[in-house]
Amino acid sequence: MADRSLRGIRLGAQSLQSEEGVVFMERRATSYRCDTCGQETTLMFAADAEAPQTWECRHCGAEAVLQVDGASVKVEENDEKAGRTHWDMLLERRTREELEELLAERLAYVRARRGAGEDPNRARIA
């Protein structure tokens, strides 16, 4: 234990484990090219992992396409459901008329708290 004394080292900043006996996974480089900015991004994946067809470009945020043997892969369109937004979930629970009524009630409440009352010059929400 004397050779592994904790005195004087930054705990959490350094690992006390060695890499002795660790076998690393085989890896392969995978390239993605962005059609928007023309930048190429290289990522490392495990050799047995399937690389995604698209990756977000690090430079412009657009969609970069997987490169195989110097050519872009044809991106397959999935029939996956798009993620539901908060508005979609709200419309599952209430109708638009109910939402407009709730909005009118809340606006009246906020205006009453401010002491402003109803402003006749303000356009009414349809």
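All of these numbers come straight from a predicted model, not from anything done at the bench.

Student: I'd love a proper account of the pattern of salt bridges, names of residues and values included.
Tutor: Counting across every chain of the model gives 3 salt bridges. Measuring nitrogen to oxygen at the nearest pair gives 4.0 Å for the salt bridge that ties Glu100 to Arg96. Placement of the pair is Glu100 and Arg96 together in helix 2 (residues 96-114), with a separation of 4 residues, close to one helical turn.

Student: Quick rundown of the side chain of Gln67? Include the residues and the values.
Tutor: Relative to the elements of secondary structure, Gln67 occurs in strand 4 (residues 63-68). In this structure Gln67 comes out as buried when scored by relative accessible area, which is 14%. Here Val65 takes part through its backbone oxygen, which lies 3.4 Å from a polar atom of the side chain of Gln67.

Student: Could you give an account of the packing of helix 1 (residues 86-93) against helix 2, with specific residues and numbers?
Tutor: At their nearest, the axes of helix 1 and helix 2 sit 8 Å apart, and the two run at 100 degrees to each other. In terms of axis orientation, helix 1 runs roughly perpendicular to helix 2. On helix 2, the residues that touch Trp87, Leu90, Leu91 and Arg93 of helix 1 are Arg96, Glu98 and Leu99. Among the residues forming the contact of helix 1 with helix 2, the class breakdown is 4 nonpolar, no polar and 3 charged.

Student: How would you sum up the pairing of strand 1 (residues 27-34)? Please name residues and give values.
Tutor: In terms of strand pairing, strand 1 meets strand 2 (residues 40-46) through 7 bridges, oriented antiparallel. Residue pairing in the sheet places Tyr32 in a bridge with Thr41 of strand 2. Between strand 1 and strand 2, which pair antiparallel one after the other, the connecting turn spans 5 residues, and Gly38 there sits at a positive phi close to 80 degrees. Inspection of the sheet shows strand 1 paired to strand 4 by 4 bridges, in the antiparallel sense. The partner of Ser31 across the bridge, within strand 4, is Gln67.

Cut-offs and rules
Residues numbered from 1 in each chain as written. Predicted model: local features only at pLDDT ≥ 70, side-chain atom pairs only at ≥ 80, totals over all residues. Heavy atoms only, no water. Salt bridge = Lys/Arg side-chain N within 4 Å of Asp/Glu carboxyl O. Helix = DSSP H or I, 4+ residues; strand = E, 2+ residues; numbered from the N terminus. Buried < 20%, exposed > 50% of the residue type's maximum accessible area, 1.4 Å probe, protein only. Polar contact = N/O pair within 3.5 Å; in protein donor to acceptor, adjacent residues only side chain to side chain. Axes fitted to C-alpha atoms, helices over the stretch in contact; angles between N-to-C directions. Parallel < 35°, antiparallel > 145°, perpendicular 65-115°, else oblique. Contact = heavy atoms within 4.5 Å. Nonpolar A, V, L, I, M, F, W, Y, C, P; charged D, E, K, R; others polar. Pairing = 2+ DSSP bridges.

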